[in-house]
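Descriptive analysis of the structure
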Amino acid sequence: MSTKATVEKLVSLCKRRGFVFQSSEIYGGIGGFWDYGPLGVELKNNIKQAWWKAVVQERDDVVGQDAAIVMNPTVWRASGHLDTFADPMVDCKECKKRFRADELAGAVPASAHGHEAEAAKVTRCPECGGELTEPRMFNLMFRTYVGPVEDDASTAYLRPETAQGIFVNFANILTTTRKKLPLGIAQIGKAFRNEITPGNFIFRDREFEQMEIEYFVKPGTDEQWHQHWVEERYNWYLGLGMRKENVRVRQLDSEELAHYAKDTYEIEYLFPMGWSELEGIANRTDFDLRRHAEFSGRELEYFDEESGEHIVPYVIEPSAGVDRLLMAFLMDAYDEEEVRGETRVILRLHKDLAPIKVAVLPLSRNEKLVPPAREVWATVRKQWMSQYDDAQSIGRRYRRQDEVGTPLCVTIDFDTLEDKAVTIRERDSMEQVRVPIAGLVDALRERL
Ligand SMILES: [Zn+2]
């Protein structure tokens, strides 16, 4: 992260400038749910577009899909989520606070592994010292009912990950695209987890968005493709301007691996709360396809023309969380610098991510400046997400744009009326250059 960024500053900026709001704030909010405002939705869309471009558009071996959030509940039996997607929960008998037993650190020796082993070690409430209940396993899936009757037969779940929507479509996509292995299927979508303790702003939410790829390969080539994806994904973050010292790749210990994984790497970011996962890249082997074949009674295989054999592909899964990526990109871009005795807050966002690419600013609200300024804006907004701002001094308007990461400002002044030219001002260097209005779009495109 930037040395100048703190979670408090980021939360405040996000609220003040319309990136992120607490969900249903006028009713006191609801824990673990967040809303994205006008700038937040642009930034989020830009992150998703950059990802889609890199993993679908620019590759010849990955296709996209968009599966429904509510699926046949047998999916979650096959995937293991109904049986194992649970955290140990304890309650304080005194103050009634609820904790994840495996997160009550401090009293837990570093060598302890496994939820139950850790949970057994902590018996006192960290808040009040009161006695804790025995840990109970709590399934993290949100439950709902499909149709008018609320009974066991109509119980369904909000998906806790987008991945399963890909596995159940594997045969459909293989048949309709006529593609050969290796074949990736990518998807962006909402997922829901009823976390016992959501927190750290938008880092751990109960409703969040995932960007996942299931990359199907021939068994035996899985380790090599795993390395490929770890490198690809790590470089994607650096390519979007994330500082190298703040991003790392970590291979998980065997005790940390999920039940389906042969090997997993995490791409982690240095948040104020420490190194935390942005993206997991797991080798899920043939676990999911075999389970779905077993539970559905369908053949989920691939016919390998080379060997003349039917095989069950292995899967490499790069899985990233959009909301926590957005938080990391903001953290990383946040900067403060002294300019003429004042503190300039600036988001040094990569131009592809910046919510607003160009701000159009008439020097003042003088009636002679308004028509040419409006005309310039009409041209610019056809090309890029842009903003028109004529409130307060030009200096303050530059600062406002710096604070939300706008790479370029275009200023219309009284000389414009004579020379039919405007000034382009660059965010990071604050350099200004005069260009004719006739060549403005080209000049902006060159810089964007
Ligand atoms: Zn307590």
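Residues numbered from 1 in each chain as written. Predicted model: local features only at pLDDT ≥ 70, side-chain atom pairs only at ≥ 80, totals over all residues. Heavy atoms only, no water.

Some remarks on the overall build of the chain
The helix and strand inventory of the chain stands at 14 helices and 23 strands. Viewed in the frame of its principal axes, the chain has a C-alpha envelope of about 75 × 65 × 50 Å. A buried classification covers 50% of the 448 residues belonging to the chain. Sequence-distant contacts, at least 24 apart, represent 67% of the contacts inside the chain between residues at least 6 apart. Distance from the positive charge centre (59 side chains) to the negative charge centre (75 side chains) of the chain: 6 Å. (Helix = DSSP H or I, 4+ residues; strand = E, 2+ residues; numbered from the N terminus. Buried < 20%, exposed > 50% of the residue type's maximum accessible area, 1.4 Å probe, protein only. Contact = heavy atoms within 4.5 Å. Lys, Arg positive; Asp, Glu negative; His and termini not counted. Charge placed at Lys NZ, Arg CZ, Asp CG, Glu CD.)

Considering helix H8 (residues 222-239)
Owing to its 3.6 residues per turn, the α-helix aligns residues three or four sequence positions apart on the same side. Helix length check: H8, at 18 residues, gives a terminal C-alpha distance of 25 Å against a target of 26 Å (1.5 Å per residue), a fit within 8%. Looking at H8, one finds that the buried residues are Asp222, Trp225, His226, Trp229, Val230, Arg233, Tyr234, Trp236 and Tyr237. All buried residues of H8 lie within an arc of 165° about the axis, which places them on one face of the element. Exposed and oriented more than 90 degrees from the buried face of H8 are Gln224 and Glu231. (Expected span 1.5 Å × (residues − 1). Arc of directions from axis to C-beta.)

Structural notes on the side chain of Asp304
Inspection of the secondary structure puts Asp304 in strand S14 (residues 302-304). Residue classification places Asp304 among the buried residues on the basis of a relative accessible area of 8%. Here Lys218 takes part through its side chain, which lies 3.2 Å from a polar atom of the side chain of Asp304. Setting aside residues no more than four positions away along its own chain, Asp304 makes contact with Lys218, Glu309 and Ile311. (Polar contact = N/O pair within 3.5 Å; in protein donor to acceptor, adjacent residues only side chain to side chain.)

A few points about the coordination of the zinc ion
Here the zinc ion is held by the protein donor atoms Cys92 (SG), Cys95 (SG), Cys125 (SG) and Cys128 (SG), which lie 2.3 to 2.4 Å from it. Relative to the metal, the four donor atoms surrounding the zinc ion lie at angles of 101 to 117°, and the coordination shape comes out tetrahedral. (Donors = N, O, S within 2.8 Å, 3.2 Å for Na, K, Ca; no water. Tetrahedral: all angles 85-135°; square planar, octahedral: opposite > 155°, others 65-115°.)

Structural notes on the packing of aromatic side chains
In the structure shown here, the tally under the stated rule is 14 aromatic pairs. Seen from their ring centres, Phe33 and Phe142 are 6.4 Å apart, and the 55° between their planes marks the pair as tilted. In this pair, Phe33 sits in the loop between strand S1 (20-22) and strand S2 (34-36) while Phe142 sits in the loop between strand S6 (136-139) and strand S7 (143-145), placing the two residues 109 residues apart along the sequence. For Phe33, a relative accessible area of 17% translates into the label buried. Between Trp377 and Tyr388, the ring centres sit 5.4 Å apart and the planes meet at 35°, which makes this aromatic pair tilted. With Trp377 in helix H11 (residues 370-383) and Tyr388 in strand S20 (residues 386-388), the pair connects residues that are 11 residues apart, well separated along the chain. In this structure, Trp377 and Tyr388 share a single accessibility class: buried. A network of ring pairs unites the aromatic residues Phe167, Phe170 and Phe216 as a single cluster. In this structure, Arg233 packs its charged tip against the face of Trp236, placed 4.4 Å from the ring centre. A cation over a ring is seen here: Arg381 above Trp377, with NZ or CZ 4.0 Å from the ring centre. (Phe/Tyr/Trp six-rings, centres within 6.5 Å; stacked < 30°, edge-to-face > 60°. Lys NZ or Arg CZ within 6 Å of the ring centre and 35° of its normal.)

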